[in-house]
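# Residue-level structure breakdown
Next come the chains, spelled out residue by residue.
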Amino acid sequence: MESAGFPEEENELKTVRIVGSELVENYTVYVIEVMVGDHQWTVKHRYSDFHDLHEKLTTDKKIDKNLLPPKKMIGKNSKSLVERRQKELEVYLQTLLVKFPVAAPKVLSCFLHFHLYEINGITATLAEELFHKGERLLVAGEVFLLRPLQLYAITQQLRLAKPTCANGDAKADLGHILDFTCRLKYLKIPGTRGTVGTSNIQEHILPFDLQVFKSLLQIEISHCDSQQIRGLPLLKHSLATMSVHYTASSMKDILVPEASEFAQWEAEGTTSDSPVSAIIPTWKTLTTLDMSHNQISCIDESVKLIPKVEFLDLSHNELTLVENLQHLYNLIHLDLSYNNLAVLEGVHTKLGNIKTLNLAGNQLEGLSGLSKLYSLVNLDLSNNKLAQMDEIKNIGSLPCLEKLSLSNNPLSIIPDYRTKVLAQFWDRASEVCLDGIATTEKELDTVEVLKAIQKAKEAKDRMANNDKKISEDARPSTAGSKSNCSSFAARPSSPSLSASASSSQEIICTNTALVSNEISTRVDSTITQRCSNIQDPFCEETLQIKKPSIASSLLHENSSEQQFSCCYCAEDRSLWTDREITPVLPFSCMSYTTSNLDFTAQLSGLIGKALWEKNQKESKIDVDVGAVKESGSQSSGDGYFEMGLGDGESGSGCTAASDVMVEASEDVDDEIIRINRVFWLYCIQINKGIRQSPSCLVLTDSLLAMFQIHEELTASMQNFTDSLETDLIMPYTEIEAIVFDIPETCLSLKLKTTDIRWYFLSDSHSLKEISSIVSRFTSVLNSNSVLTNGNASQQDFVGYLLASQELEEGDTVVKGAFPAHLLDRTVVEFFNQHTQSIDADSVKNINDCPYSDMFSHMWQPETEKLLFCVPCVLFLTLRYLYVIKVDFAALARNSVHHKEASSFVKLTRIPLASVLLHPKQGCVSSSTLPAHRFSDGHVLELMTGYKFVTAVFALPHDKFLFLRVFSHLRSSLQDVKTVAFFRVKDCLGKTSGHQLTMSHKTMKTSSPQGCSRPRLTLSLLYPSDPLTQRLSDENHCPLHLSVCPSLQFLAGLKGIDLVEFFYNSIAEVENEELKHILWSSVVFYRSPDVEITACIMLSTKALYFVLDDSASQLGDETLVWNWKPSDHEEIDFLISYLFTMKLNDLQSVNVGLFDQYFRVVGSSADQIISCLTRDSYGTHRFIQQLMTVLSLLEKLPSPEPLEKDFYTEFGNKSTGKMENYELVHSSRVKFIYPSEEEIGDLTYVVAEKMGEPGNQHSFNILLYVLAFQVQHCASTEPQSKHLLQPKTLILTSSDIFLFDEDYISYPLPDFAKEPPQRDKYRLADARRIRDLDRVLMGYQTYPQALTFVFDDLQSPDVLCNLTMDHFASELSSLENKRTNCGNDREVQWCIFVPGADSREKLISLLARQWEVLCSRELPVELTG
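Below you will find a few notes about this structure. Keep in mind that what you see is a predicted model, and the values were worked out from it rather than measured. (Residues numbered from 1 in each chain as written. Predicted model: local features only at pLDDT ≥ 70, side-chain atom pairs only at ≥ 80, totals over all residues. Heavy atoms only, no water.)

### Focus on the overall build of the chain
Helix and strand counts for the chain come out as 36 helices and 56 strands. Relative to its full complement of 1424 residues, the chain shows a buried share of 52%. Considering only contacts within the chain whose residues lie at least 6 apart along the sequence, 65% involve residues at least 24 apart. When the accessible surface of the chain is split by element, carbon and sulfur atoms take 50% of a total near 64800 Å². (Helix = DSSP H or I, 4+ residues; strand = E, 2+ residues; numbered from the N terminus. Buried < 20%, exposed > 50% of the residue type's maximum accessible area, 1.4 Å probe, protein only. Contact = heavy atoms within 4.5 Å. Areas by Shrake-Rupley, 256 points an atom, 1.4 Å probe, with all protein chains shown as cover.)

### Topic: helix H7 (residues 174-183)
Buried within H7 are the following residues: Leu174, Ile177, Phe180 and Thr181. The arc that holds every buried residue of H7, seen down its axis, measures 125°, which confines them to one face. Buried positions along H7 lie against helix H5 (119-140), strand S4 (144-145) and helix H6 (148-159). Capping of H7 at its N-terminal end is provided by Asp173; its side-chain oxygen lies 2.8 Å from the backbone amide nitrogen of Gly175. (Arc of directions from axis to C-beta. Polar contact = N/O pair within 3.5 Å; in protein donor to acceptor, adjacent residues only side chain to side chain.)

### Here's the deal with the nonpolar core
Judged by nonpolar contacts, the single largest core of 92 residues is most densely connected at Met242 and Leu381. If you tally residues by element for this core, the top one is H5, at five residues. In contact with Leu381, other than residues within four places in its own chain, are Leu359, Ala360, Leu364, Leu367, Leu370, Leu386, Ile395, Leu404, Ser405, Leu406 and Asn409. Judged by nonpolar contacts, the second largest core, of 50 residues, contains Val678, Ile709, Leu802 and Leu891. (Core = buried A, V, L, I, M, F, W, Y, C linked by side-chain atoms within 4.5 Å.)

### Remarks on the pairing of strand S32 (residues 872-876)
On a regular strand, one side chain projects to one face of the sheet and the next to the other, so that they alternate. With five of five residues buried, S32 is to be regarded as a mostly interior element. Burial along S32 is two-sided: Cys872, Leu874 and Leu876 facing one way and Val873 and Phe875 facing the other are all buried. Between the antiparallel neighbours S32 and strand S33 (residues 880-886) lie three residues. (Pairing = 2+ DSSP bridges.)

### Quick word on the pattern of salt bridges
On inspection of all chains with the given rule, the structure shows 33 salt bridges. Salt-bridge contacts for Glu33 lead to Arg17; the nearest nitrogen and oxygen are separated by 3.1 Å. With Glu33 in strand S2 (residues 27-36) and Arg17 in strand S1 (residues 14-24), the pair connects residues that are 16 residues apart, well separated along the chain. When the shortest N-O distance is used, the salt bridge between Lys609 and Glu613 registers 2.6 Å. Of this pair, Lys609 and Glu613 both sit in helix H17 (residues 597-617), separated by four residues, roughly a single helical turn. For Lys609, a relative accessible area of 5% puts it in the buried group. What makes Glu613 partly exposed here is its relative accessible area of 28%. In this structure, a network of salt bridges that share partners links the residues Asp1333, Arg1334, Glu1386 and Glu1421. (Salt bridge = Lys/Arg side-chain N within 4 Å of Asp/Glu carboxyl O.)

### Some words on the side chain of Thr600
Assignment of secondary structure puts Thr600 in helix H17. A polar contact of 2.8 Å, which involves the side chain of Thr600, links it to the backbone oxygen of Leu597. Beyond its immediate chain neighbours, meaning those up to four positions away, Thr600 contacts Thr593, Thr594 and Ile675.

### Things to note about the sheet that holds strand S54 (residues 1345-1351)
Backbone hydrogen bonds are what pair the strands of a sheet, in a parallel or an antiparallel way. Strands sit in the order S52-S51-S50-S49-S55-S54-S53-S56 across an open sheet of eight strands; the sheet is mixed. Of all the strands in the sheet, the pair left with one neighbour each is strand S52 (1321-1328) and strand S56 (1420-1422). Adjacent strand axes in the sheet meet at a mean angle of 35°, parallel and antiparallel pairs treated alike. With three bridges connecting them, strand S53 (residues 1332-1338) and S56 associate as parallel partners. Residue Val1335 lies in a different strand from S56, and its bridge partner there is Val1420. (Axes fitted to C-alpha atoms, helices over the stretch in contact; angles between N-to-C directions.)

### Considering the pairing of strand S25 (residues 724-731)
Of all eight residues making up S25, eight are buried, and the element is well covered by its neighbours. Inspection of the sheet shows strand S24 (residues 703-709) paired to S25 by seven bridges, in the antiparallel sense. Residue Gln708 lies in a different strand from S25, and its bridge partner there is Glu725.

### A closer look at the packing of helix H1 (residues 47-60) against helix H2 (residues 79-99)
At a minimum axis distance of 12 Å, the contact between H1 and H2 shows a crossing angle of 30°. One element, H1, and the other, H2, form an angle in the roughly parallel class. Crossing of H1 against H2: the hand is left-handed. Here H1 contributes Tyr47, Phe50, Leu53, His54 and Leu57 to the contact with H2, which in turn contributes Arg85, Leu89, Tyr92, Leu93 and Leu96. Residue composition of the contact of H1 with H2, by class: eight nonpolar, one polar and one charged. (Parallel < 35°, antiparallel > 145°, perpendicular 65-115°, else oblique. Left-handed = near helix turned anticlockwise from the far one by under 90°. Nonpolar A, V, L, I, M, F, W, Y, C, P; charged D, E, K, R; others polar.)

### A word on the packing of aromatic side chains
Tallying each qualifying case throughout the model produces 28 aromatic pairs. Judged by centre distance (5.1 Å) and plane angle (65°), the rings of Tyr592 and Phe599 are edge-to-face. Taking the relative accessible area as the measure of exposure, Phe599 reaches 0% and is therefore buried. Judged by centre distance (5.7 Å) and plane angle (10°), the rings of Phe962 and Phe966 are stacked. Taken together, the residues Phe962 and Phe966, both in helix H26 (residues 958-972) and four residues apart, mark about one turn of the helix. Taking the relative accessible area as the measure of exposure, Phe962 reaches 0% and is therefore buried. Here a set of aromatic residues connected by ring pairs shows up, and it is made of Phe818, Phe953, Phe962 and Phe966. Taking the ring centre of Tyr27 as reference, the NZ or CZ of Arg46 above it sits at 3.7 Å. The ring of Tyr47 carries Arg85 above its face, with NZ or CZ at 4.0 Å from the centroid. (Phe/Tyr/Trp six-rings, centres within 6.5 Å; stacked < 30°, edge-to-face > 60°. Lys NZ or Arg CZ within 6 Å of the ring centre and 35° of its normal.)

### Quick notes on the sheet that holds S1
With respect to topology, three strands assemble into an open sheet ordered S1-S2-S3, the strand pairing being antiparallel. In the strand order of this sheet, the two ends are held by S1 and strand S3 (39-46), each with one partner. On average, adjacent strands in this sheet sit at an angle of 20° to one another, irrespective of strand direction. Relative to S3, S2 is paired through eight bridges, and the arrangement is antiparallel. Residue Val34 lies in a different strand from S3, and its bridge partner there is Trp41. Contacts between H1 and the sheet are confined to S1, S2 and S3, with S3 contributing the most and set at about 100° to the helix. Strands S1 and S2 of the sheet are contacted by H2, whose axis makes an angle of about 150° with S1.

### Considerations on the packing of helix H28 (residues 1025-1034) against helix H30 (residues 1055-1066)
Relative to each other, H28 and H30 sit at 85°, their axes nearing to 8 Å. When the axis of H28 is compared with that of H30, the two are roughly perpendicular. Residues Thr1028, Leu1031 and Ser1032 of H28 touch H30, and the partners they reach there are Gly1055, Ile1056, Leu1058 and Val1059.

### What about the environment of Ile18?
One can find Ile18 in strand S1. Residues Ile18 and Glu33, spaced 15 residues apart in sequence, show a C-alpha to C-alpha distance of 6.0 Å. Among all residues touching Ile18, those that are not within four sequence positions of it are Tyr30, Val31, Ile32, Phe50, Gln86, Leu89 and Glu90.

### What to know about the environment of Val1265
As for its placement among the helices and strands, Val1265 is situated in strand S49 (residues 1261-1272). The sequence separation of Val1265 and Gln1156 amounts to 109 residues, and the corresponding C-alpha distance is 6.5 Å. Ignoring anything within four residues of it in the chain, the contact list for Val1265 reads Gln1156, Lys1287, Thr1288, Leu1289, Val1393 and Ser1398.

### Remarks on unusual backbone geometry
Between Tyr1306 and Pro1307 the backbone carries a cis peptide bond, its omega angle lying at -10°. Here Pro1307 is to be found in the loop between strand S51 (1295-1301) and S52. Located in the positive-phi region is Tyr246, a residue other than glycine, with phi close to 50°. Its place among the elements puts Tyr246 in the loop between strand S9 (241-245) and helix H8 (252-255).

### Comments concerning the side chain of Arg970
Relative to the elements of secondary structure, Arg970 occurs in helix H26. For the buried Arg970, which has no salt bridge, the nearest side chain bearing the opposite charge is Glu1068, at an N-O separation of 5.8 Å. Separated by 2.5 Å, the side chain of Arg970 and the backbone oxygen of Thr978 make a polar contact. Among residues more than four places away in sequence, those in contact with Arg970 are Leu912, Ala913, Ser914, Val915, Leu916, Lys977, Thr978, Val979 and Glu1068. (Lys, Arg positive; Asp, Glu negative; His and termini not counted.)

In structure tokens form, the structure reads like this:
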């Protein structure tokens, strides 16, 4: 339906017709279409609604009773009757509209939804509402909500010349609305996008006028069109707070909408030299302005009109510059988060008195513009691109700064990031709260050490500079040409490359000769504590701290820190370290950005030198070093310059570049090549073969240049230029296409005159910026890729590749994309052993190995022996890890032919629940060896089952970003997932004493390299000795539970080893403490027939179910690689299964009868688990601990309770008291206990099975217990000789029953739409107590089992109902059991009751009832 506005005439024609009918359940609903002018809507009513309407109209309006077609009881849904009645009802409605042409009665208005869509109906309904509640709302001072539809109706009503009360009802008088709006102080206008309800009205384009509001203090507008809002300037005299969201494209649209009427205007009270056509009054009372979530691209001059504003929120817009804020003299709080700010220059001149500044979510790389904000107290810089620690110095001197946020920046993953940042604040480090965490005493100690080291380094540098100055004074002055070179060889203003690399990859602490002995001691203490945090538990060597001597310390250039490293164990030495086969973009290059002026000068020199050499070869006279002429070179004839690996010199030094430019300047006028942007990326070049390398892409005003990196970059600027080789220089006009082949991940570049293709891999923001800049400089539009269209997202791309598979919600929502080389662990070992013997057959075997679609393709040039690995792309979604393997060569060859994506791309989908980090990866080390730094920064070992995958991430920081996203997604999974347990603990034994000592301050965790384990900030008393002892006592697996090797290992842990195991292998939430352990059988709602052994760990944040290997039956998907534990006995760790339920997701706990089991219920069917403890004490103890833990949680009430006023909500708060067998905890978790009704249902079932359902009151259930019936098997293995079948045993005053019970399906969850397929209780067997002959106790049949021996006398009063066909199969099974017994006249029940107290209670009650019935003691025999 097309959108339409409201009619403006008073008597617009109203029509109604019934367009169809629908059969709903057993009645017919008629679809009514109402039209008033150009707008329309639909209403659905059944005949009974028409009848009710007619009854009210005949009573109130004296309508003819025979006007409505009569009822019909038989055949009322027949097609002929429905069609006839449809026409009659349509005539009925049309007659009513003719009878009430101006204002319909209220009952008819509601019936036809006039009160929702028609002007008169809307205003009448609103007026009546305000008549009843208006005064109370004004007195309470509540925010009143008016939709644009209602405001439009009011505006239109005021324009019509008619009485304010058209229908004669005084309550519906328009005057009630006007009186209310004149006094209203708080208004909210929430619009919507799209049509309203069943109508064709688009609310966001409806004009409305605000002039009826005379006293507004606060207004909030959202999802409207700023061009349709009238009367907003009339609120200037009173408005103090204004919020506008999803409405405006500029600030001017809201602050000065009348500006469109005047060519030149000025704010009131300002002077202007130029003539103006209007003076605009200012917003004299406005102090708070929130214009977040709009499409504002600049802060325009309209801010002159809001001089009194103190709080300004412009977050989530499209701002690129901070401007015009100097007019806001009173501004103290500014929010510019999540915009496109990349540079901050002279901000102090615009924000003189600012106290709170939020710059999160921008593109900031430097902080020099914030260095003079001396009044700043709170600063948020999270989610930016800050990579250099030296940038913190710009804000380290701010005297008032107290709160600083730097999370989710590249520098935040640097080891000891917090202490290095706090050290920049010197004496104020204790006053600064970093990332919302107060500074600890340990961090302050480390900061003091770093300050002392820094002072020592500065003193040493001053001495070195004095010596250098003396030597320079004695040295004769050099020639002018040499001095020109010094500008290019200058050290970059950013941190040195080595320093940057070490800050990202290494932990380096130094001890210079200038530090006192006291400081050295504190350094040693700090280092020891810090290294214990990262020490690998499987390193057999102990941690060593290497202290260089005074002489050696002075010899090193960077001697301000003492170097130490954790030793690499044998497993770590086999990690992949060959960067030639798997080239990566090094960390050191990330320090060189556009903000580094020395670096951009170097690049400008390299480009100028390359252009000069190119033109010299072409013998050109007029050379413009700053731009490339359109006439192409003779060699290529295409107007661009390209160098391969063998062309030209391998590097371009600073001296050469300077000399060339000096020589060229003698003949031509030099133009400075202005570097706009510098991007570091991974490049794959496809020509006749594949060439790949880390590269630097440079964008200038007129051309694009690319440099390849063929060596590891060094700290020296001179050596840095030698590591770059010019690969490509071309003008933008030569670009034919630039395409996203993989959305936001892979960008391809195609030139007009060559078949070479370049594929760029980098982060999504950089690639989008490259595409945007290149598209802006060239007229060529981005074309579609062979794989995707130009606007496809990563989610669309994955969905396209999985088109033939069934997808669930969230399966294709990509949370992160990471280019990486994927190697089979066996290939890694092969390369490490045969580095010199790689031939073509070896390469073919590698590419044809099993699961080759998962691993990267290995490629070897025909003329070289060197082997290359082509990277894959890893996509992380909510539930899967997708491995995308692209054949770049085939993609380049077929770029003009749109073929099936399967010919270029192979996708492997791996359940995220089955992916693990290798548990024996090396500790985070500060080894200075390049191979170790390479492994620390780029290499990650993954596992799926027992299959190992080595991932070498091509981009810096990707490894750590992958770990962060992977850990978050794994912890948020609601599926059963795999975990790894170590079988041996060699290294832990050597350090356990130290860890136990330190555990009273902070729990040490031993996690895989770089693994984002939960951060622990535990109390000083955790874990206490009593808690540790209690956890050890609780970690006891009952003998009747079958356990796999991993659970056997877990059951053997005691003391501090158990607590450390929890944090190393299980814990997923920050700052959680282990409180209770329970071993039990569990049943999942999704798999009610599978009973699984589980170790339940209760922490302060979550419930962890460590499951037996039989949990593999729960998932619909198997692992990518099938494995058997028996085939991997030599591996020193075990794979187990884990299910996690966060306590915040816990909604209710159902406690079973007699505390024999309990069921925890979460937010979905996957989070419903029954725990069959079969022990009332164990259940009671767990419920008690759970309530204690839940008391620590804080659950706030919902922000806007629906259909409840403030007083109702306040009076209905949870008190934690029992009501109707349901205890609502203060955390809002319900504990539901068995009610009398449930006991009555069970009694009825028992009586029904006995054939006397009418006399259930005469039956007393004495005992209800969950037990096992022991069945004998023919297996020769002792552990398989007996089969335990779960049963529910019920003892009454005269009989004993065995039931098969459904423990998981009842009571029905809220989302259940139909009852379960089976009953809760199904009778398996029943016997009279008087038929019991004797009881056998002992270990002969089964340990601690009870054998009830009954005389085989069938009693009709007990088993009469078992003769029905429904129980025929059960009777046949019972007969088989009897035939298997040796004695035909006896029936034996071998029952095992796990709970000792339940077992004793059963014997006691049974003996008492037997004595009452048989008048003698029950014979009990003890067996061996």
